[in-house]
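# Results of the structural survey
As a plain string of letters, each chain reads:
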2 protein chains.
Amino acid sequence: MWYYSNPASGLDISEVNDAIEEAFAEHGRGNVQMPPKLYVHLEHGDFRTMPAYIPSLDIAGVKIVNVHPENPGIGLPTVMALTVLLDIDTGRPETILNATELTNMRTGAAGAVAAKYLAPTSHATLGLVGSGRQAMAQVNAISREIHVEKVLVWSRNEKNAADFCRNFPDIDCTPAELSRVCEADIVVTTTPTRKPMIKDEWIGEGTHINAIGADAPGKQELDPAILARAEVFVDDPAQAVHSGEINVPISQGLYHQDRIKGTLGEVVIGKKKRESRDEITVFDSTGLAIQDLAIAKVVIRKGGDIELDFSSGI
Amino acid sequence: MWYYSNPASGLDISEVNDAIEEAFAEHGRGNVQMPPKLYVHLEHGDFRTMPAYIPSLDIAGVKIVNVHPENPGIGLPTVMALTVLLDIDTGRPETILNATELTNMRTGAAGAVAAKYLAPTSHATLGLVGSGRQAMAQVNAISREIHVEKVLVWSRNEKNAADFCRNFPDIDCTPAELSRVCEADIVVTTTPTRKPMIKDEWIGEGTHINAIGADAPGKQELDPAILARAEVFVDDPAQAVHSGEINVPISQGLYHQDRIKGTLGEVVIGKKKRESRDEITVFDSTGLAIQDLAIAKVVIRKGGDIELDFSSGI
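What this report covers is the structure whose coordinates are included nearby. This is a predicted model, so every value here is computed, not measured.

A separate point is the overall build of chain A. Regarding its fold elements, chain A presents ten helices and 15 strands. Against the 2.2 N^0.38 benchmark of 20 Å for 314 residues, chain A shows a C-alpha radius of gyration of 19 Å, consistent with a compact globule. Reported as C-alpha extents along the three principal axes, the dimensions of chain A are approximately 65 × 40 × 40 Å. When each of the 314 residues of chain A is scored for burial, the buried share is 63%. In chain A, the proportion of contacts linking residues at least 24 apart, taken out of those at least 6 apart, comes to 69%. With the model as given, the accessible surface of chain A reaches about 11,500 Å², and the carbon-plus-sulfur share is 47%. Taking the 29 positively charged and 43 negatively charged side chains of chain A as two groups, their mean positions are separated by 2 Å.

What follows is the structure in structure tokens.
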């Protein structure tokens, strides 16, 4: 059994995007096993357990990931993760990955796949709502799939937005007002808010939105009126209804799950698509265990750094 | 983050029994979080993901465990397991345990707790149906809680039964016919069968049965007529209905879940009990994530053997 302490280091982002796209394709074809993630609630946050199996990639395992919003106050990330892979023939644990940074990358990659297929244009401006780690992962991943002409970034803290842009010296990146950010071709929301910040009137026809932040019951970033005008694509219907951007509007009767246009997997395999240049499209991302397996598959070719004895009891 | 490669070594079985009993007590009091375990099916077996949190013990985590019946043919155990513990304040992964042997021990301990409270007498004969690792764990654990006067053991393979007894030089242990084994005060079934082997007429009044083997849909060891005569206690109602000894009889309409007398946790806290010397009692064990956390709690006092870097991405 091998442990990978820093598996994100040196990963090729385009390769990760491709792996995630293939995982969504397999999801779209109905070729994966992925029970809905389980939530356990702790005093200051929660943790989620995410098992899956992708037969075509010969990979099976479980990601364990926490969300503790107070962590940054003590110098820890809000989200940390570990992935365990099992040998598919024998069930023996084979690999343990530090998946903290991998989680950021695989979520960024899902945003890139969504932008690739659903953005109104392949030369696009990118508007970022939130300037944390996930915003950075989205820019890194999306810029591999489409030509990003300009990035506009809003943060509650103006300095954070300016700092953010310094990470992308090769991209035209500017801090901007929230309403201005929402005029971009692709809007990416990555905040943990429970009070929708994106107003309906700010979102023009033809916009594509990656709604990333809502990943638990009670979270939402978009005015539900946007969903009423938009075609919504989800990563997984059960998870999106439970904890995605649509979860609060559904529970309030402002959105109905029958209106979901399709899954990102169905988009990747060509079963569903953006129908016109003027359509507003939303990708509601909750994060799937198959994404964690797909990025792990890219990682394990590199070899782990510590071999762990698992012979006891065998 | 620490890895424990051989955490079962040197564990005090009585201490493990006590820890498991306390976990069941907390379960009986409704003080634990434990979503029903998730099953993922692989070509030659399955794996189960079992998250939980026991606030009173300050312990939270996930056990990942496979069941691959063909493994012994290639020199691997049918069941192997890994447990990941998280810091309850921050969600940070703290501990990884090789849980293969711990799984045997904690299941044995549940049988011991059941025998302690439900056996008709504290000086009992023990009848074992099956002579594998779990049968051994049951004898080790039960003999700490009650006085075992004699062990009768049946195995499909007679030599295995004789070999089994050689592991217990201090106990009066004899291979026996299946019908004879079922005359014991406490009968422990640990086979993977899907065809009930224990006939109704073999089980006399006052017998206590630990039904351990059935842990997945389709598995059953007891003639359903035994359940009709018995008071059935389960470890967890949802898991027992889904995959315990009662799962097949329920799906065939031969047993109804309303007839479940209570949980082992309720027995431990005195809310439910054996009502008479003549009653047949059955403990239907499926294996709970809280048992895995409880035994992990005993282990982690010893300290792990390999420290793993989890600083990347933090």
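On to the sheet that holds strand 5 (residues 81-86) of chain B. Paired through backbone hydrogen bonds, the strands of a sheet run either parallel or antiparallel to each other. All names here are of chain B. Taken in spatial order, the seven strands of this open sheet run 2-3-4-5-6-1-15, and their pairing is mixed. Strands with a single pairing partner mark the edges of an open sheet, and in this sheet they are strand 2 (38-42) and strand 15 (306-307). Sheet analysis places strand 2 next to strand 3 (residues 45-54), joined by five bridges and oriented antiparallel. The residue of strand 3 that forms the bridge with Tyr39 is Arg48. The strands touched by helix 2 (residues 100-118) are strand 3, strand 4 (59-67), strand 5 and strand 6 (93-98); relative to strand 6, the strand with the most contacts, the crossing angle is about 80°.

A word on the interface of chain A and chain B. Interface size is commonly expressed as the accessible surface area that is lost when the partners come together. Listed per partner, the contact involves 53 residues of chain A and 53 residues of chain B. Counting each side, the surface lost to burial between chain A and chain B is near 4,300 Å², with a carbon and sulfur contribution of 71%. By the criterion of area lost to chain B, the three top residues of chain A are Leu38(A), Thr90(A) and Ser312(A), representing 12% of everything that side buries. Across the contact surface, chain A and chain B share zero salt bridges. Mapped onto the side of chain A that touches chain B, the elements with two or more residues apiece are strand 2 (38-42), strand 3 (45-54), strand 4 (59-67), strand 5 (81-86), strand 6 (93-98) and helix 2 (100-118) of chain A.

Superposition of the two copies of the chain requires a rotation about an axis together with a shift along that axis. Superposing chain A onto chain B takes a rotation of 180° combined with a translation of 0.0 Å along the rotation axis, leaving an RMSD of 0.0 Å. Both copies of the chain, as the preceding transformation shows, are related through a two-fold rotation axis. Rotation axis and chain A: the residue whose C-alpha lies nearest the axis is Thr49(A), separated from it by 3.8 Å. Taken together, the interface assignments show that 100% of the residues at the interface of chain A recur at the interface of chain B, consistent with an identical surface on both copies.

Residue and element names in this part refer to chain A. Pairing within the open sheet is parallel, and its eight strands lie in the order 9-8-7-10-11-14-12-13. In this open sheet, the two edge strands, each paired with only one partner strand, are strand 9 (173-175) and strand 13 (262-263). Pairing between strand 11 (residues 208-211) and strand 14 (residues 281-284): four bridges, direction parallel. The residue bridging Asn210 from the neighbouring strand is Phe283, located in strand 14. Strands strand 7 (123-129), strand 8 (147-154), strand 10 (186-189) and strand 11 of the sheet are contacted by helix 3 (residues 133-145), whose axis makes an angle of about 170° with strand 7. Where helix 4 (residues 158-166) meets the sheet, it contacts strand 7, strand 8 and strand 9, and its direction lies at approximately 175° from that of strand 9.

Attention now goes to the state of the cysteines. All names here are of chain A. The full count for this structure, using the stated rule, is two disulfides over all chains. The side chain of Cys165 participates in a disulfide bridge whose partner is Cys173; the two sulfur atoms lie 2.1 Å from each other. The sign of the -65° torsion about the S-S bond sets the Cys165-Cys173 disulfide as left-handed. For Cys165, a relative accessible area of 11% translates into the label buried.

Reading the values: the criteria
- Residues numbered from 1 in each chain as written.
- Chains lettered and ligands numbered in written order.
- Predicted model: local features only at pLDDT ≥ 70, side-chain atom pairs only at ≥ 80, totals over all residues.
- Heavy atoms only, no water.
- Helix = DSSP H or I, 4+ residues; strand = E, 2+ residues; numbered from the N terminus.
- Rg over C-alpha atoms; globule rule 2.2 N^0.38 Å.
- Buried < 20%, exposed > 50% of the residue type's maximum accessible area, 1.4 Å probe, protein only.
- Contact = heavy atoms within 4.5 Å.
- Areas by Shrake-Rupley, 256 points an atom, 1.4 Å probe, with all protein chains shown as cover.
- Lys, Arg positive; Asp, Glu negative; His and termini not counted.
- Charge placed at Lys NZ, Arg CZ, Asp CG, Glu CD.
- Pairing = 2+ DSSP bridges.
- Axes fitted to C-alpha atoms, helices over the stretch in contact; angles between N-to-C directions.
- Buried area = accessible area lost by both parts, 1.4 Å probe.
- Salt bridge = Lys/Arg side-chain N within 4 Å of Asp/Glu carboxyl O.
- Least-squares fit on C-alpha atoms with pLDDT ≥ 70 in both.
- Disulfide = S-S within 2.5 Å.

Everything listed here is a matter of coordinates, which is why it stays silent on function.
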